[in-house]
Amino acid sequence: MGCSCGGNCETNLIYSCSGAANTGLLADQVMRTLARNGVGDGTCLSAIGADLSGFILSARNATRNIVIDGCPVGCGKQIFEAKGLPFSHFITTDFGVAKGKTSITGEVIEDVSASIAAKIVAGE
Ligand code: SF4
């Protein structure tokens, strides 16, 4: 993987915990929505956890790594910290959803995606 633009492009890589909880599902769906909307490219958090060299290199070369976790346990955050990789961090439960309670509807996915996209654009 890698960029061939000659240094003129930005590459945001988006990772989600994709956990079993409803909010892990939301993290996954938000990652896919942001990728579909051109905020960045969705890629695999598990591959970072597994130390796969191509994914680690891509993360080191990314303009920004955006990690979306489904709850404050922060599995994605912990993986990135353990690898010493820079990242911006978002937790779906910071956006009005409750782990184990909130139904993950299309409207919830769109709302949380829009809120996180706005923060990314603002540089948070
Ligand atoms: S961050 Fe929370 S929801 Fe995501 S995998 Fe970890 S424990 Fe599950």
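Located above this text is the structure these notes cover.
Participant: Describe in detail the site of the ligand, supporting the description with residues and values.
Facilitator: If you check the shell around the ligand, you find Cys 17, Gly 19, Asp 69, Gly 70, Cys 71, Val 73, Gly 74, Cys 75 and Lys 99 and nothing else. Residue composition of the shell around the ligand, grouped by class: four nonpolar, three polar and two charged.

Participant: Describe in detail the pairing of strand β4 (residues 88-91), supporting the description with residues and values.
Facilitator: Bridge count for strand β3 (residues 64-69) against β4 is four bridges, and the pairing is parallel. Among the inter-strand pairings, Asp 69 is bridged to a residue of β4, identified as Ile 91. Handedness of the crossover joining β3 and β4 through helix α4 (residues 75-83) is recorded here as right-handed.

Participant: Can you explain the environment of Phe 90? Please cite residues and give values.
Facilitator: Here Phe 90 is to be found in strand β4. Spatially, the C-alpha atom of Phe 90 lies 13 Å from that of Ser 18, the residues being 72 residues apart in sequence. Contacts of Phe 90, omitting those with residues within four sequence positions, involve Ile 66, Val 67, Ile 68, Asp 69, Phe 95, Ile 116, Lys 119, Ile 120 and Glu 124.

Participant: Run through helix α5 (residues 106-121), naming residues and quoting values.
Facilitator: The first and last C-alpha atoms of α5 sit 22 Å apart over 16 residues, in line with the 22 Å expected at 1.5 Å per residue. Those residues of α5 lying buried are Val 108, Ile 109, Val 112, Ser 113, Ile 116, Ala 117 and Ile 120. Axial view of α5: buried residues confined to an arc of 155°, hence all on one face. In α5, the exposed positions that point more than 90 degrees away from the buried face belong to Glu 107 and Val 121. Packed against the buried residues of α5 are α1 (22-36), β3 and β4.

Participant: An account of the nonpolar core is needed here, citing residue identities and associated values.
Facilitator: In this structure, Leu 26, Val 30, Leu 34, Ile 68, Val 112 and Ile 116 are the most contacted members of the largest nonpolar core, which totals 16 residues. Broken down by secondary-structure element, the contributors of at least two residues to this core are α1, β3 and α5. Here the element with the most residues in this core is α5; it accounts for six residues. The contact partners of Val 112, leaving out residues within four places of it in the chain, are Leu 26, Val 30, Phe 95 and Val 97. By size, the runner-up hydrophobic cluster in this structure holds ten residues, among which are Tyr 15, Leu 45, Ile 56 and Ala 59.

Participant: Which residues make up the environment of Leu 26, and what are the values?
Facilitator: As for its position among the elements, Leu 26 is in helix α1. When residues no more than four places from it in sequence are discounted, the contact partners of Leu 26 are Thr 92, Val 97, Ile 104, Val 108, Ile 109 and Val 112.

Participant: Describe α1, listing the residues and the values that go with them.
Facilitator: Quick reminder: α-helices carry 3.6 residues per turn. Residues three or four places apart thus point the same way. Taking 1.5 Å of rise per residue, the 15 residues of α1 would be expected to cover 21 Å, and the 21 Å separating its terminal C-alpha atoms lies within 8% of that figure. Within α1 the residues assigned to the buried category are Asn 22, Thr 23, Gly 24, Leu 26, Ala 27, Asp 28, Val 30, Met 31, Thr 33 and Leu 34. Looking at the buried side of α1, the elements it contacts are β1 (12-16), β2 (41-42), β3 and α5.

So, how was this worked out
- Residues numbered from 1 in each chain as written.
- Predicted model: local features only at pLDDT ≥ 70, side-chain atom pairs only at ≥ 80, totals over all residues.
- Heavy atoms only, no water.
- Near = heavy atom within 4 Å.
- Nonpolar A, V, L, I, M, F, W, Y, C, P; charged D, E, K, R; others polar.
- Pairing = 2+ DSSP bridges.
- Helix = DSSP H or I, 4+ residues; strand = E, 2+ residues; numbered from the N terminus.
- Right-handed = clockwise from strand over helix to strand, strands pointing away.
- Contact = heavy atoms within 4.5 Å.
- Expected span 1.5 Å × (residues − 1).
- Buried < 20%, exposed > 50% of the residue type's maximum accessible area, 1.4 Å probe, protein only.
- Arc of directions from axis to C-beta.
- Core = buried A, V, L, I, M, F, W, Y, C linked by side-chain atoms within 4.5 Å.

The values are spatial; any link to function lies outside them.
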